[in-house]
Amino acid sequence: MTIKTLLLAAALVAPALAATPAAAQAIAVANPEGAVANSKAWSAARAQIETTYKAQLDQANARREAVGRELQPLVTAFNTARAAPNANQAALQTQAQAIQTREQAAQAELSRLTAPAQRAQAYAIEQISGRLSDAVQAVVRARNVTMLVRPDAVLFANPTADVTAAITTELDRLVPSVGITPPANWQPGQQQQGAAPAAAAPATTAPTRPAQPSGR
């Protein structure tokens, strides 16, 4: 290719590049769950939930620790029996079933204890997530973004392309606070318009389980 051809190609491309606004951020990345999880409304709601349901959450934590202590000897005995030469597979299956049954009972008990806090948490998150689409649109318009993708959908992105914090700032403006007491007939998902943040769940959502035995 000659120098003349290269210059001609550059001349043809230049108008197209010049037509793109200098301030445009064509492609940006954002973590919607992270934007909601970092919002001031969620932070305040989480603190309020932990205070309001402290008795139930403390009871659940105590029961979780107690169940762990109860199960540990059973798991240790199972692992010892499984490692023995010519282990009795029928006996191992019985031991594994006993552990699994106890774990399931503990899960059900802990779910009952944490249900009020979980319901309040879901209600708070849904109120914030309901404005997530509006927050995203505001940031997209303000920054002239033509494509918004999740961070895990790209191989590389410059840190300046991440607009998650900007979306959180917009959420703080749109949803300064939320309630934690849902109406009597409220069900999760009724008002949801955006993605709920999985990372936002408190540490009290599930019991800590010992090593899971297998019947092998």
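Parameters and conventions
- Residues numbered from 1 in each chain as written.
- Predicted model: local features only at pLDDT ≥ 70, side-chain atom pairs only at ≥ 80, totals over all residues.
- Heavy atoms only, no water.
- Core = buried A, V, L, I, M, F, W, Y, C linked by side-chain atoms within 4.5 Å.
- Buried < 20%, exposed > 50% of the residue type's maximum accessible area, 1.4 Å probe, protein only.
- Helix = DSSP H or I, 4+ residues; strand = E, 2+ residues; numbered from the N terminus.
- Contact = heavy atoms within 4.5 Å.
- Axes fitted to C-alpha atoms, helices over the stretch in contact; angles between N-to-C directions.
- Parallel < 35°, antiparallel > 145°, perpendicular 65-115°, else oblique.
- Nonpolar A, V, L, I, M, F, W, Y, C, P; charged D, E, K, R; others polar.
- pLDDT = per-residue confidence, 0-100.
- Phe/Tyr/Trp six-rings, centres within 6.5 Å; stacked < 30°, edge-to-face > 60°.

Draft legend 1. How the structure looks around the nonpolar core. Core analysis: the largest hydrophobic core is formed by 29 residues, its most contacted members being Ile-128, Val-163, Ile-167, Leu-171 and Val-178. If you list the elements that add at least two residues to this core, you get helix H2 (32-37), helix H3 (40-52), helix H5 (89-129), helix H6 (132-142) and helix H7 (164-174). Those residues in contact with Ile-128 that lie beyond four places of it in its chain are Val-36, Ser-39, Ala-41, Trp-42, Leu-171, Val-175 and Val-178. Of all hydrophobic cores here, the second largest spans nine residues; its members include Leu-71, Ala-87, Leu-92 and Ile-99.

Draft legend 2. Main features of H7. For H7, a buried count of eight out of eleven residues is recorded, marking the element as mostly surrounded by other parts of the structure. Thr-164, Ala-166, Ile-167, Thr-168, Glu-170, Leu-171, Asp-172 and Leu-174 are the residues of H7 that are buried.

Draft legend 3. Looking closely at the packing of helix H4 (residues 54-83) against H5. It is the contact of H4 with H5, at a shortest axis distance of 10 Å, that shows an interaxial angle of 170 degrees. Here H4 lies roughly antiparallel to H5, going by the angle between them. Considered class by class, the residues forming the contact of H4 with H5 number 16 nonpolar, four polar and seven charged.

Draft legend 4. Spotlight on unusual backbone geometry. The backbone of Asn-86 shows a phi angle near 55 degrees, a positive value even though the residue is not glycine. With respect to the helices and strands, Asn-86 occurs in the loop between H4 and H5. Here Asn-86 falls in the exposed class, since its relative accessible area comes to 79%.

Draft legend 5. Looking closely at the confidence of the model for the protein. Averaged over the protein, the pLDDT score is 83; the fraction of residues at 70 or greater is 76%. Mean pLDDT per element in the protein: helix H1 (residues 3-18) is the minimum at 37, and H3 is the maximum at 98. A low-confidence stretch, residues 2-22 stays under pLDDT 50, and its non-local contacts, those more than four residues away or across chains, total one contact. A low-confidence stretch, residues 193-216 stays under pLDDT 50, and its non-local contacts, those more than four residues away or across chains, total 53 contacts.

Draft legend 6. Inspection of the packing of aromatic side chains at higher detail. According to the stated counting rule, one finds one aromatic pair in the structure shown. On the basis of an interplanar angle of 75 degrees and a centroid distance of 5.2 Å, the ring pair of Tyr-123 and Trp-186 is categorised as edge-to-face. In this pair, Tyr-123 sits in helix H5 while Trp-186 sits in the segment after H7, placing the two residues 63 residues apart along the sequence.

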